[in-house]
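A closer look at the structure
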Amino acid sequence: MIIIHWRRLSTLSPFISTKRAVRRLLREGGMDQHQTTCLVVGLGNYGKERTRHSVGRLVVDSLATTLNLQWERKREILGHAAELMTDDGRLLLLKPRLYMNENGKCVAKAVKHFGVFADDVFLVHDDLELPLGKCMIKMGGSAKGHNGVRSTMAHLRSDKMTRLRFGIGRPVHRHQVTDYVLSEFYEREESLVEAAVQSSVELLLMKFAHFIPELKDATYEEEHRTDQR
C-alpha cells in the first residue's frame, strides 16, 4: 500500500520550500492540514495518443472516464488537468501538451501551481523492459533511459516519484527502438492493450481509495461490472 501524507517541511519539494509558502497555500484554500493530494501524470507525446510511447496518456484518460472527470486545458501549466476534490483528499490528473522529452516542464509547473509534493507525483508511462500488457509499480529510482521520466526528474530535481510502468515489449533489434515506441499498436495487440489499460486503472483506484472515499465506490462498481460479465 502506498501511504500518501503530508511531509515535514525539511522534505518539501523545492517548489514549496518555506513555511511562508505553505501558510499562504493553506490560507488561500489550496490545501488544508488534513487533506492529502496526489498528482497522476500520463506521460507521452501530445497529439500521438495511440502510439506505444503515449500509453500512459491512455491510462490516465481511462481513469478520468471511470471517475467521470472532465479535462480542462490549463495554459499556465502547459497541459490538460482534471480534478477530484473531496473532504479527505484531492486527486489531480495531468496530461502534458508537450513532446515526451519535455513532459517534465509541464509536471514542474503543475507541482508549483497545485502545491503538490514531488514525492506525491505518480507517473504512468510505457516501459520497454516489460512484456506487452504487464504493469508494475515502482517506487522511485532511475529513469532507465525513459525520456519522459528523465525530464520529470530533472525539472523536479527528485527521483522520489512513484511510477506505474506499462509494458510495451521490445523490438528484436536495438536500432528499431525509436521507430517501435513511436508506432501504434498492431491490431492483434489491441485487445491485450485495452485489458491492460483497464487493469492499470483498477490498480490506480485501489492505490488511491484509502484516502478518497469516492474511489472506493468507483472500484466497487468496476468489480461489480466485471463479475456480471
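That block above? That's the structure.
Residues numbered from 1 in each chain as written. Predicted model: local features only at pLDDT ≥ 70, side-chain atom pairs only at ≥ 80, totals over all residues. Heavy atoms only, no water.

1. Some points on the pattern of salt bridges
In total, this model carries nine salt bridges according to the counting rule given. In this structure, Glu 49 engages Arg 57 in a salt bridge whose closest nitrogen and oxygen atoms are separated by 2.7 Å. In this structure Arg 57 comes out as buried when scored by relative accessible area, which is 1%. Taking the shortest distance from any N to any O, the salt bridge between Lys 74 and Glu 72 comes out at 3.7 Å. (Salt bridge = Lys/Arg side-chain N within 4 Å of Asp/Glu carboxyl O. Buried < 20%, exposed > 50% of the residue type's maximum accessible area, 1.4 Å probe, protein only.)

2. Focus on the environment of Ser 62
In this fold, Ser 62 is placed in helix α2 (residues 55-66). The exposure class of Ser 62 is buried, given its relative accessible area of 17%. Ser 62 sits 138 residues away from Ser 200 along the chain, and the two C-alpha atoms are 9.3 Å apart. Not counting chain neighbours up to four residues away, the residues in contact with Ser 62 comprise Val 197, Gln 198 and Val 201. (Helix = DSSP H or I, 4+ residues; strand = E, 2+ residues; numbered from the N terminus. Contact = heavy atoms within 4.5 Å.)

3. A few points about the packing of aromatic side chains
Here the structure, examined in full by the defined rule, presents one aromatic pair. When the centroid spacing of 5.5 Å and the interplanar angle of 75 degrees are considered together, the rings of Phe 122 and Phe 208 count as edge-to-face. Here the residue Phe 122 occupies a position in strand β5 (residues 121-127), and Phe 208 occupies one in helix α6 (residues 190-208), the gap between them amounting to 86 residues. Judged by relative accessible area, which is 1%, Phe 208 ranks as buried. Between Arg 52 and the ring centre of Tyr 186, over which it is positioned, the NZ or CZ distance is 5.3 Å. (Phe/Tyr/Trp six-rings, centres within 6.5 Å; stacked < 30°, edge-to-face > 60°. Lys NZ or Arg CZ within 6 Å of the ring centre and 35° of its normal.)

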